[in-house]
Structure formats: C-alpha cells, structure tokens
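# Descriptive structure summary
Next come the chains, spelled out residue by residue.
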Amino acid sequence: MKKIIITIAAIVLPLLAGAQAQIVTKKVQLEDFTEKVTKVVLNGNAFYDSALKDEVAARWRISPYEFCTLEEFEQLKGSDQYYFLMTTQGQFRKETAPGLQFLTLVKGGKGADKSIDNMLEVVSIPFASAEFPSGRELIFLPALLDIMQAHTLASMEKDINAYGGLGNTAATLAKSGDMTIVFSEDDLSRTVTEEVIERKFDEDMIITDEDTADQYMLDNVAGTLVSYVVAPSEPVHGSYSYKMLIDSQKHTLYYFRKQRINRSFNTGFTPEDLERITAHRVKIKK
C-alpha cells in the first residue's frame, strides 16, 4: 500500500508543481524591472517634454532609463526588454472624450501592437485634466515620479501591492496625525461648508489659495501634506476625480481616493473625505 501511495505521489507532485509554475503573477512579471531600461516617451509637447526630461534626470533612481520619441515607442513597444514611462489619456465608459491625463508605467510585450491597454501596467497616476491642464501638474510632477517609483518597488515585493493600486501602497493616515495639512481652496468640494470646517478642522489644517498651497510643495516644507485634485475640466455624469494628500518634503502619498462625479458635477475633497482624514488627528480642535 505504501508503495502505491509513494508511486501516486511521485506522479502527482511533479504535475502539481508544473501547474503552479504556469501561474505567473504580476510580481513575477515585474521582477526584471530594475534590470531593464525604462524608455521615457516624449510626446512632442515641448513644454511637458522639457519638464519630464528634467525631473526624470533629477529623480529617477530605480532603473536605467533612456528618452525616446513616440515613433520609437511604436517600434519598441512589442519588446519585453523595455518598460515605458509616458503620459496617457483616460476615458471612462460614459465619457465621450478623454477627461484626464495619467503618468503611466507599462511593460512592453506581445499584444502591444493592438493597444496600450494590452500592455502590463505597472502603475498609472492621475496627472492633469486632458483638455485644460491647470499647470499644477508640473509643480507636483517631482512628487508623482517619486510616488510612482515607491509603488513600483512595493509591487516587486508583494502581489497585494502590485494588484492593489496606489491606495494600497499609500502611507497610513494614522502616521499623519501631527502633520500640518494644507488644502488649496479649489480642492474642496462645494459641500464642505463653514460648519464642516469649524467642526472638523484643527489649528494645523489650513485652507489657502492655490498659489500659496503650491508653494509648500515648491519649498519642500517638512511635516506637511498638500492637497492635489485631478479632475476633468468639463466633467460629465460618469467622470471620475482623484484626490491626494502628498508629503511636500518626502513625497510620500498619504491619501488617495478615486470618486465618481455625481450629477451635481461636484469635485474635490468632500465632508466624507475630511471625516476619514481627521479621524487620525491628534491636534486640539479650534
């Protein structure tokens, strides 16, 4: 009887091992990232291309990189020897045109000739409105590149990070309890009333104009989170907006939420967002 069991095991175990070997997770697919060249695709917009070249040269540290044109991308995208960092446009199901731009990192390979959607997406970060960018995206570009790199490294370590998206690798809000939070007034939803502000804000939560909020990012102020909202210029029912809180010095993402825009076309941080954020505050309320 033992001989029969051993014989069966000898046959079945290799089969099971072979079956397991067929499961190639995203983490496994990304394990060569640091060894492969990341092609940074320049789209021909001189303003964006110049900013992207400068910031990648200053900040990109997790893989070798080279710059390339859109034409070169078309030639190389089918090769799994390259990763590609590029700006893309996103169109949600009920939108008639793309509403948002994203910074997207993808891996080349089979199927890329049909659509970029067939390429393995490492991470995609909301960047700006597709139609009328505000200019804030260039101020936040250094932070977004650092967030992208942190997420990529985390995805190489665990599949839960690779499949979970940016919200899964964001720092816990519990660690932001004693930090200053700066909101651009334009990043707050119309539903955030004076009563909500009075009830939820403490002395180290600030609402200010866009230029002042952005200066915190430019000055790399320590111990401070700054709001950044990416939404379509002309949202329609079914569009989405993204809300972020980013450490202005360390460029760590602390809050990330994608939210569908409702029929009132309201965008920005809502009372519900503030409820989540202030739940971890240790400051004394006003």
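Residues numbered from 1 in each chain as written. Predicted model: local features only at pLDDT ≥ 70, side-chain atom pairs only at ≥ 80, totals over all residues. Heavy atoms only, no water.

The next point concerns the pairing of strand 6 (residues 180–184). Of all 5 residues in strand 6, 5 are buried; the element is thus mostly enclosed. In terms of strand pairing, strand 6 meets strand 8 (residues 224–230) through 3 bridges, oriented parallel. Counterpart to I181 in the pairing with strand 8 is L225. Where strand 6 and strand 7 (residues 205–208) come together, 4 bridges link them in parallel fashion. By the bridge assignment, F183 is partnered in strand 7 with I207. Chirality of the crossover, the property in question, places the unit of strand 6, helix 8 (residues 194–200) and strand 7 among those that are right-handed. (Buried < 20%, exposed > 50% of the residue type's maximum accessible area, 1.4 Å probe, protein only. Helix = DSSP H or I, 4+ residues; strand = E, 2+ residues; numbered from the N terminus. Pairing = 2+ DSSP bridges. Right-handed = clockwise from strand over helix to strand, strands pointing away.)

One finds W60, L85, L105, L144, M148 and I246 to be the most contacted residues of the largest nonpolar core, which totals 41 residues. The element that contributes the greatest number of residues to this core is helix 5 (residues 136–157), accounting for 8 residues. In this view, W60 contacts F33, T38, E55, Y65, L85, L105, L145, M148 and Q149; residues no more than four positions away in its chain are not counted. (Core = buried A, V, L, I, M, F, W, Y, C linked by side-chain atoms within 4.5 Å. Contact = heavy atoms within 4.5 Å.)

The next point concerns the pairing of strand 8. Burial runs high along strand 8: 7 of the 7 residues are buried. Neither face of strand 8 is left uncovered, since the one carrying T224, V226, Y228 and V230 and the one carrying L225, S227 and V229 both have all their residues buried. Where strand 8 meets strand 9 (residues 240–247), 6 bridges bridge the pair, whose relative direction is antiparallel. By the bridge assignment, L225 is partnered in strand 9 with D247.

With that out of the way, let us pick up unusual backbone geometry. Only a minority of non-glycine residues have a phi that is not negative, and only a minority of peptide bonds are not trans. Not every positive phi belongs to a glycine, and N220 is a case in point at roughly 50 degrees. Mapped onto the elements of the fold, N220 is located in the loop between helix 9 (210–218) and strand 8.

Across the sheet, 5 strands lie side by side as 7-6-8-9-10; this open sheet has mixed pairing. Whereas interior strands pair on both sides, the edge strands pair on one side only; in this sheet they are strand 7 and strand 10 (253–260). Adjacent strand axes in the sheet meet at a mean angle of 20 degrees when their direction is disregarded. Each of strand 6, strand 7, strand 9 and strand 10 is contacted by helix 10 (residues 271–278), which is oriented at about 155 degrees to strand 10, the strand it contacts most. (Axes fitted to C-alpha atoms, helices over the stretch in contact; angles between N-to-C directions.)

Ordered in space as 2-1-3-4-5, the 5 strands form an open sheet in which the pairing is mixed. The open sheet has two free edges, formed respectively by strand 2 (65–69) and strand 5 (120–129), since each of these has just one partner strand. Ignoring strand direction, the axes of neighbouring strands in this sheet form an average angle of 25 degrees. In terms of strand pairing, strand 1 (residues 37–42) meets strand 2 through 5 bridges, oriented parallel. Looking at the pairing, K39 lines up with E66 of strand 2. Its contacts with the sheet place helix 3 (residues 46–59) against strand 1, strand 2, strand 3 (82–90), strand 4 (100–107) and strand 5, and it is angled at close to 155 degrees to strand 1.

Under the defined criterion, the tally for this structure stands at 11 aromatic pairs. Measuring from ring centre to ring centre gives 4.7 Å for F33 and Y83, while their planes differ by 75 degrees; the resulting arrangement is edge-to-face. With a gap of 50 residues between them, F33 in the loop between helix 2 (26–29) and strand 1 and Y83 in strand 3 connect regions that are remote in the sequence. When its relative accessible area of 0% is taken as the criterion, F33 is described as buried. Pairing Y65 with F67 gives two aromatic rings, centres 5.6 Å apart and planes at 70 degrees, and the pair type is edge-to-face. Taken together, F183, F201, Y255 and F269 form an aromatic cluster joined through their ring pairs. Here K53 stacks its cationic end above the ring of F67, 5.7 Å away from the centre of that ring. Above the face of the Y240 ring, K258 is positioned so that its terminal group lies 4.6 Å from the ring centre. (Phe/Tyr/Trp six-rings, centres within 6.5 Å; stacked < 30°, edge-to-face > 60°. Lys NZ or Arg CZ within 6 Å of the ring centre and 35° of its normal.)

For the rest of this paragraph, the subject is the pattern of salt bridges. Note that side chains of opposite charge can pair when their charged atoms are close. Taken as a whole and judged by the stated rule, the model has 15 salt bridges. Where salt bridges share partners, they join K243, R257, E272, D273 and R276 into one cluster. (Salt bridge = Lys/Arg side-chain N within 4 Å of Asp/Glu carboxyl O.)

Reading fine detail from the predicted coordinates is not recommended where pLDDT is low. Mean pLDDT for the chain: 87, with 87% of residues reaching 70 or above. For residues 1–20, every residue scores under 50 in pLDDT, and the model assigns this stretch 1 contact once sequence neighbours within four places are set aside. (pLDDT = per-residue confidence, 0-100.)

Over its 22 residues, helix 5 runs 32 Å from end to end, which matches the ideal 32 Å to within 8%, given 1.5 Å per residue. At P142, helix 5 shows its largest kink, close to 45 degrees. Of all the 22 residues making up helix 5, 17 are buried; the element is thus mostly covered by neighbouring parts of the structure. (Expected span 1.5 Å × (residues − 1). Bend = angle between axes of the 7 residues up to and from the residue.)

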